[in-house]
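# Survey of secondary and tertiary structure
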Amino acid sequence: MTTITDPHQGQFRLSMLLYDSRYRSLTIQIVALIGFLMLIGWLLSNTAQNLAELGKEPSFSFMMEPAGYDINQRLLDYNSQDTHLRASFMGLLNTLLVAVMGCITATVLGVIIGVLRLSPNWIISRLSAVYVEGFRNVPVLLWIVFTMAVLIETLPQPSAFRKGEASMSLWDSVAVTNRGIYIPEPLFSRSLGDIHLLGNSSLRFDVSLDLLALLAVLIGGILTSVLIKRRADILQEATGVRPRTWHWRLGVVVVPVVLVLAILGFHLGYPELKGFNFRNGIHLRNSLIALWLALSLYTGAFIAEIVRAGILAVSKGQTEAASALGLRPKRTMSLVILPQALRVIIPPLISNYLNLTKNSSLAIAVGYMDITGTLGGITMNQTGRELETVLLLMLVYLTISLTISAVMNWYNESVKLKER
Amino acid sequence: MSDLSYVRAEMLPERAPPASQVGFVGWARQNLFNGVGNSILTVLSLIFIWYVVSFLLSWAFSPTWNSASLSECREIFGAESGHHAACWGVINDRWQQLLFGFYPNGSEEGTSDLRWRPILAFLLLFVAVTPVLFNMISRRMNWVLLCAVLGLTSLYLGGALGIVVGLALIAAGAAIGYKALTADKTARAAEIEAGAKRLPNPLIFSAIYPFIAPWLLWGGSLWLPIGAALGFVIGYFVFRFLAPIAGSLVGMIVAVLVALVWWLLLTVGFADLMQSIIPIGLEPVESRDFGGFMLSITIGVVAIACSLPIGIVLALGRQSDLLIVKALCVGFIEFIRGVPLITLLFVASTLLNIFMPPGTNFDIILRVLIMVTLFAAAYMAEVIRGGLAALPRGQYEAADALGLDYWKAQRLIIMPQALKISIPGIVSTFIGVFKDTVLVSIIGLLDPLGLSNAIRADQAWNGVVWELYGFIALLFFIFCFSMSRYSMYLERRLRTDHR
């Protein structure tokens with residue numbers, strides 16, 4: 001069989017690599033690849049040579065050596081004799097802690113401010129605009145350092161509580177001092193104990209059985225509640241009348257949880273002033289509070305803009321169509337506006353969560369021991385292993401980022417308009 | 001029939017709307033008190049504003065401008081009233097440091113006040129970007145601006161030569177300005193149409209500026225920036241010479257290679273040689289003396305200016321059909337976007353020297369500039385990719401149908417539209433980069449935040465919070481807010497569709 005447009009059968013010449021569109025793309029790619037490999041090779045050979053001169057052969061064995069420094073705000077047990085790996089693990093947990101806390105408060109704040117910015121009330125919308133512009137246009141690091149300084153300089157010292165110049169707030173349960181905030185801790189008098197996982201290794205952690213039991217009961221309750229809702233939906237489809245279910249749905253969630261709490265002997269351990277400082281309770285250090293507040297306020301301003309843009313992106317015709325169908329304003333919001341606005345809001349929202357997580361690395365400026373403070377801070381300075389620690393640090397952040405982006409892409413796919 | 005009618009036969013004159021519907025009262029009723037909930041919110045926010053403003057005013061107006069330490073401030077408050085008040089002495093004491101860092105200010109023995117150089121560089125920056133950013137400023141006015149800035153600088157520098165040159169420049173500027181203001185616009189347009197002589201395009205100065213600014217900031221021999229600029233000239237002439245002989249592609253490749261050889265191997269030698277023959281130069285300033293807002297602006301401007309072209313190339317690479325190029329670009333972009341800037345700054349401060357051939361030891365500010373530029377470029381690439389993706393497919397196909405090759409299509413059809421779409425994103429990336437420059441304080445550079453730590457560690461100002469951070473925040477706010485307003489202006493200016 002012959003083709004109609006026979007390719008040019010002339011002899012191959014070298015210049016065709018550049019001027020013949022059949023070969024040119026291949027040439028460019030090969031040149032680019034060779035260039036890239038040469039660059040990498042050059043960098044690697046330089047690095048090897050430099051490190052050999054410095055006598056620092058790349059190796060990760062230092063991670064197993066004792067860290068020798070303390071981490072004051074931590075989620076699991078740790079002492080200065082633990083390994084650098086354990087210290088980094090504590091740092092990672094601290095990063096995740098502040099990231100999750102920050103994401104939650106930033107979302108709440110952002111949604112409220114974003115909705116208020118659309119308010120017909122002129123003063124309210126102006127005030128929200130001032131908040132948004134004020135926080136967005138000043139570096140987040142400045143907010144963090146500033147919040148930290150304000151906490152230290154303006155809050156009362158623990159000794160002021162002794163002298164009676166300051167008193168604990170919220171019915172004597174929370175102590176706000178310039179060393180941090182002390183809040184009550186949950187205690188169980190008939191505790192089930194802990195499970196120790198991963199034995200004695202650097203990544204060991206304990207799981208509280210009380211917490212597991214609570215979670216199991218809570219999830220069971222929520223599932224039952226969903227089942228009840230389904231049944232109500234089916235009944236409504238069949239008969240047109242929706243049975244009243246909200247008290248059942250609330251009951252199956254709340255009652256078992258309260259029962260389990262009572263069985264386990266749940267009570268709160270209040271912070272008490274002993275000596276020069278507070279004891280008992282959970283101590284949230286200034287560094288954590290400052291980082292959390294600043295990140296939430298800063299990211300909240302961005303989220304407010306996203307929420308506003310998302311709501312504005314739903315065309316007015318949708319609202320009008322919904323009211324033409326006879327939906328009440330509340331139903332219009334929940335059935336028509338929000339599902340469409342969320343489709344616009346969610347992707348940038350998640351990328352802001354990502355930014356917040358990356359910005360939490362600024363913890364190093366206020367001495368909060370997150371992964372940058374432990375692995376990229378003290379461990380790097382103590383061991384002098386810049387290359388290895390920075391590589392590990394990047395790897396950790398890259399993993400977190402790529403995980404969040406994967407979730408975001410999966411979500412995007414699932415809510416994308418199914419068209420054509 | 002009588003002419004009885006039950007309907008009025010003529011129109012009534014219009015009456016003024018009721019007082020409750022117009023003016024401030026009407027506006028307030030419509031916007032502030034239209035409902036119980038809204039009224040409560042209004043009253044609450046008014047109380048809130050009153051509280052904040054009254055506190056802020058009584059805090060800000062405090063006669064502490066000349067106090068030398070925080071304890072002195074406290075004495076002044078104690079004498080006046082018990083309430084909290086601002087201690088402005090810290091700003092009075094340190095504002096120069098916050099702006100210029102430790103740039104030589106003539107306070108040490110044997111040094112002179114060199115701070116006119118960063119100020120001149122900053123003013124010239126405005127002159128250089130004006131023709132790029134605003135199109136309503138005429139060619140002549142731009143030259144007037146340049147003459148005025150240079151003239152005032154030489155007057156400031158003084159000396160017989162300085163005064164003569166300064167007066168001459170200002171006179172020239174005034175003459176051009178007078179002509180520009182008195183000339184009739186349409187008559188001038190007709191003259192230009194007929195081929196009247198015009199002033200050179202101010203973009204020439206914008207092109208020269210990147211060579212002037214580093215020389216002003218760091219000082220040293222004038223021949224080094226001239227040598228760097230010569231690289232472009234040489235490359236251009238090689239291209240002009242080779243393109244007709246060997247084709248434009250070969251010409252381009254050879255020109256780039258020749259320019260690279262010139263920069264990497266010959267520039268320093270050329271500069272040294274010329275310096276020994278005709279020594280012209282400014283007193284060199286070390287990078288470690290850089291600090292304050294000067295440092296932030298230097299890093300921000302360089303990163304912003306360099307990241308846009310790199311970002312465009314990366315975005316085109318990511319959108320291209322070439323598999324390997326695409327993979328490289330995607331890898332680079334996702335890697336940079338996946339890690340926090342602080343890790344890249346760690347690379348700049350500790351690792352970049354390890355990656356270079358043994359013995360190279362280049363400046364910390366240069367290393368930071370490289371990393372911040374790469375960081376900004378990755379974000380820029382994603383913004384521009386969004387613009388490229390938002391462009392209708394028909395535009396690409398139309399460009400193909402017109403027979404334009406890839407680069408021509410990009411330059412004439414795709415990029416102008418894609419960049420226009422992505423202006424808001426580009427500007428918010430710019431703002432982000434400028435804000436992120438404060439991170440350099442973590443690796444020990446003395447930007448405003450780094451300086452603030454030093455100031456707060458000082459015995460005299462130990463405990464100062466609001467005044468110091470408020471001042472820094474205010475300056476950042478002014479820069480970032482004006483950038484975001486400018487982006488809105490640009491969007492309006494470039495909006496060519498009908499609305």
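Quick notes on the rules
Residues numbered from 1 in each chain as written. Chains lettered and ligands numbered in written order. Predicted model: local features only at pLDDT ≥ 70, side-chain atom pairs only at ≥ 80, totals over all residues. Helix = DSSP H or I, 4+ residues; strand = E, 2+ residues; numbered from the N terminus. Rg over C-alpha atoms; globule rule 2.2 N^0.38 Å. Buried ≥ 20, exposed ≤ 12 C-beta atoms within 10 Å, placed from the backbone. Contact = placed C-beta atoms within 7 Å. Nonpolar A, V, L, I, M, F, W, Y, C, P; charged D, E, K, R; others polar. Pairing = 2+ DSSP bridges. Axes fitted to C-alpha atoms, helices over the stretch in contact; angles between N-to-C directions. Domains from an automatic or database assignment. Core = buried A, V, L, I, M, F, W, Y, C linked by C-beta atoms within 7 Å. Parallel < 35°, antiparallel > 145°, perpendicular 65-115°, else oblique. UniProt positions renumbered as here; feature names shortened; annotations may be inferred. Bend = angle between axes of the 7 residues up to and from the residue. pLDDT = per-residue confidence, 0-100. Expected span 1.5 Å × (residues − 1).

## Re the overall build of chain B
- Helix and strand content of chain B: 20 helices and two strands.
- Relative to the globule expectation of 23 Å for 499 residues, the C-alpha radius of gyration of chain B, 30 Å, shows a markedly less compact shape.
- For chain B, the spread of C-alpha atoms along the principal axes amounts to about 105 × 80 × 55 Å.
- When burial is assessed residue by residue, chain B has 29% of its 499 residues classed as buried.
- Residue pairs in contact within chain B that sit at least 24 positions apart in sequence constitute 68% of those at least 6 positions apart.

## Looking at the interface of chain B and chain A
- In this complex, chain B contributes 42 residues to the contact, which on the side of chain A involves 47 residues.
- Put simply, the parts of the chain that give the side of chain B that touches chain A at least two residues each are helix 2 (36–60), helix 13 (323–338), helix 14 (341–355) and helix 20 (466–494) of chain B.
- A breakdown of the residues in the side of chain B that touches chain A according to their chemical character gives 33 nonpolar, eight polar and one charged.

## So, the sheet that holds strand 2 (residues 180–183) of chain A
Residue and element names in this part refer to chain A.
- Strand order in the open sheet made by the three strands is 1-2-9, with antiparallel pairing throughout. Bordering the open sheet on either side are strand 1 (175–177) and strand 9 (282–285), each of which pairs with just one other strand. Ignoring which end each strand starts from, the neighbouring axes of this sheet average 15° apart.
- Relative to strand 2, strand 1 runs antiparallel, the two sharing three bridges. When the bridges of strand 2 are listed, Thr177 appears paired with Gly180.
- Across the sheet, helix 10 (residues 286–313) touches strand 2 and strand 9, and the angle it forms with strand 9 is around 60°.

## Here we look at the domain arrangement of chain B
Residue and element names in this part refer to chain B.
- Each domain of chain B was delimited in the assignment, giving domain 1 (39–87), domain 2 (96–110 + 289–499), domain 3 (115–218) and domain 4 (220–282).
- Here the C-alpha centre of domain 2 lies 37 Å away from the C-alpha centre of domain 1.
- Counting residues at the interface gives five residues for domain 1 and seven residues for domain 2.
- A breakdown of the residues in the side of domain 1 that touches domain 2 according to their chemical character gives four nonpolar, one polar and no charged.

## Digging into the pairing of strand 2 of chain A
Residues and elements named next belong to chain A.
- Here strand 1 hands over to strand 2 after two residues, the two strands then running antiparallel side by side.
- The pairing of strand 2 with strand 9 spans four bridges and is classified as antiparallel. Note that in strand 9 the partner of Tyr182 across the bridge is His283.

## Side note on the nonpolar core
- The biggest cluster of nonpolar side chains holds 157 residues, and the ones touching the most others in it are Leu141, Leu142, Ile144, Val145 and Leu291 of chain A together with Leu345 of chain B.
- The element that contributes the greatest number of residues to this core is helix 10 of chain A, accounting for 15 residues.
- Apart from the residues within four sequence positions on either side, Ile144 of chain A is in contact with Ala290, Leu291, Ala294, Leu362, Ala365 and Val366 of chain A.

## Considerations on the packing of helix 18 (residues 423–436) of chain B against helix 20 of chain B
Residue and element names in this part refer to chain B.
- Remark: helix 18 packs on helix 20, axes separated minimally by 9 Å, with the N-to-C direction vectors making an angle of 170°. Relative to helix 20, the element helix 18 is oriented roughly antiparallel. Where helix 18 abuts helix 20, its residues Ile423, Pro424, Val427, Phe430, Ile431, Phe434 and Lys435 lie against Phe476, Phe479, Cys480, Met483, Ser484, Ser487, Leu490 and Glu491.
- Taken together, the residues that form the contact of helix 18 with helix 20 break down as eleven nonpolar, two polar and two charged.

## Focus: the UniProt feature "domain: ABC transmembrane type-1" (unreviewed entry) in chain B
- UniProt annotation of "domain: ABC transmembrane type-1" (unreviewed entry) refers to residues 293–487 of chain B when read in the numbering used here.
- The span residues 293–487 of chain B shows a helical share of 80% and a strand share of 0%, and its end C-alpha atoms are spaced 22 Å apart.

## Looking at helix 14 of chain B
- Residue Ser349 of chain B marks the point of greatest curvature in helix 14 of chain B, where the axis turns by about 50°.
- Elements in contact with the buried residues of helix 14 of chain B: helix 2 (21–54), helix 13 (371–383) and helix 14 (386–415) of chain A together with helix 15 (364–390) and helix 18 of chain B.

## As for the confidence of the model for chain B
- Across chain B, pLDDT averages 84, with 97% of residues at or above 70.
- On the interface metric, ipTM, the complex scores 0.85, and its pTM is 0.86.

## Some thoughts on helix 5 (residues 116–133) of chain B
Residue and element names in this part refer to chain B.
- Over its 18 residues, helix 5 extends 25 Å from the first C-alpha to the last, a length consistent with the 26 Å expected when each residue adds 1.5 Å.
- Those residues of helix 5 that sit buried are Arg117, Pro118, Leu120, Ala121, Leu124, Val127 and Ala128.
- The inward-facing, buried residues of helix 5 abut helix 4 (89–100), helix 6 (139–157), helix 9 (203–218), strand 2 (281–282) and helix 12 (292–319).

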